[in-house]
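Survey of secondary and tertiary structure
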Amino acid sequence: DAGITQSPRYKITETGRQVTLMCHQTWSHSYMFWYRQDLGHGLRLIYYSAAADITDKGEVPDGYVVSRSKTENFPLTLESATRSQTSVYFCASSEGGTYYEQYFGPGTRLTVT
Amino acid sequence: AQSVTQLDSHVSVSEGTPVLLRCNYSSSYSPSLFWYVQHPNKGLQLLLKYTSAATLVKGINGFEAEFKKSETSFHLTKPPAHMSDAAEYFCVVSGSGTGNQFYFGTGTSLTVIP
C-alpha cells in the first residue's frame, strides 16, 4: 500500500533554473493538490486538480505550472525558480472535493540558492 | 470567505495532563472542519473531521473535538497528554463556496514536558 509518494524528498537548485516536483498516488483518487508550507503561514494551496486534464489555481499559483495527464500523477513545475520559492511542498489527494479528507505525501524540501 | 484562526501558536503541557488546542473558524456556509497533526519532518495525518453529523467528534489516539456553531469554534482536546503527542497541529476549514479548497490555520506547536 504505497499511498502517496513525492520525489525528490530534498532538492537544492539555483535561481532561474526549472525544477519539477513529482507526486504519485496509488488510490485512484480524483482530486490532487499541491501546497507549500512556510513558517507563519501554515499550508497554502498552489494548484489543485479535480480529474485528469482539469486543473485550477489555488491561493498562491504565481510562478508554478501543473499538469495532470494521468489520474495518478500530478507534477509541479517551477519554471524559473526564485529564492521566495524556498519552501516545503506537500502533495495531497482525496476521493472528492470540498467535504472529503485529504491524504498527504511526505513532502519535498526545496532550497533555491 | 473561509478562514481559520488557531489561537495559540505554542502550547506546553505536562505529560498526563489534558490538552486543549483552540480553533475558531469563519465560514459563510456550512463548513467541514478537520484537525491534522504533523510530526517533525513528516507529512500531515488526519486526526478527525466534522461534516455536520454529531457535534462531538472522536478521532484517533484519544483526540476529540467539539463543533460549536454559536461560538464558531472547533477546539481539539485530549484528556491525558503523552510524550508522543508532541507535534504541530493544524485546524482546517472547508465547505461550500471554498472552491474545493482547504484553508489551514497557522498551526499550534504542542510540547509535552515529562
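Scroll up to find the structure.
Note that this is a predicted model, so its numbers are computed, not measured. (Residues numbered from 1 in each chain as written. Chains lettered and ligands numbered in written order. Predicted model: local features only at pLDDT ≥ 70, side-chain atom pairs only at ≥ 80, totals over all residues. Heavy atoms only, no water.)

1. Details of the state of the cysteines
All names here are of chain A.
- Within the structure shown, the criterion is met by two disulfides over all chains.
- Here C23 pairs with C91 through a disulfide, and the sulfurs are 1.8 Å apart. Disulfide C23 to C91: torsion about the S-S bond roughly -75 degrees, handedness left-handed. With a gap of 68 residues between them, C23 in strand β3 (residues 19-25) and C91 in strand β9 (residues 87-94) connect regions that are remote in the sequence. (Disulfide = S-S within 2.5 Å. Helix = DSSP H or I, 4+ residues; strand = E, 2+ residues; numbered from the N terminus.)

2. Quick word on the pairing of strand β11 (residues 108-112) of chain A
Residue and element names in this part refer to chain A.
- Covered by surrounding structure in β11 are T108, L110 and V112 only, the residues R109 and T111 on the alternate face being uncovered.
- Of the pairings in the sheet, the one linking β9 to β11 comprises three bridges and is antiparallel in character. Opposite V88, over in β11, you have R109 as the bridge partner. (Buried < 20%, exposed > 50% of the residue type's maximum accessible area, 1.4 Å probe, protein only. Pairing = 2+ DSSP bridges.)

3. Here we look at the interface of chain A and chain B
- Facing 25 residues of chain A, the contacting portion of chain B comprises 24 residues.
- For the pair chain A and chain B, the summed buried area comes to about 1800 Å², and 51% of that belongs to carbon and sulfur atoms.
- A salt bridge links B:K49 to A:E101; its shortest N-O distance comes to 2.5 Å.
- Our enumeration of links across chain A and chain B arrives at three residue pairs in polar contact (both at pLDDT 80 or more).
- Going through the elements one at a time, β4 (31-38) and β5 (42-51) of chain A are the ones with two or more residues in the side of chain A that touches chain B.
- Looking at the side of chain A that touches chain B residue by residue, the class counts come to 11 nonpolar, nine polar and five charged. (Contact = heavy atoms within 4.5 Å. Buried area = accessible area lost by both parts, 1.4 Å probe. Salt bridge = Lys/Arg side-chain N within 4 Å of Asp/Glu carboxyl O. Polar contact = N/O pair within 3.5 Å; in protein donor to acceptor, adjacent residues only side chain to side chain. Nonpolar A, V, L, I, M, F, W, Y, C, P; charged D, E, K, R; others polar.)

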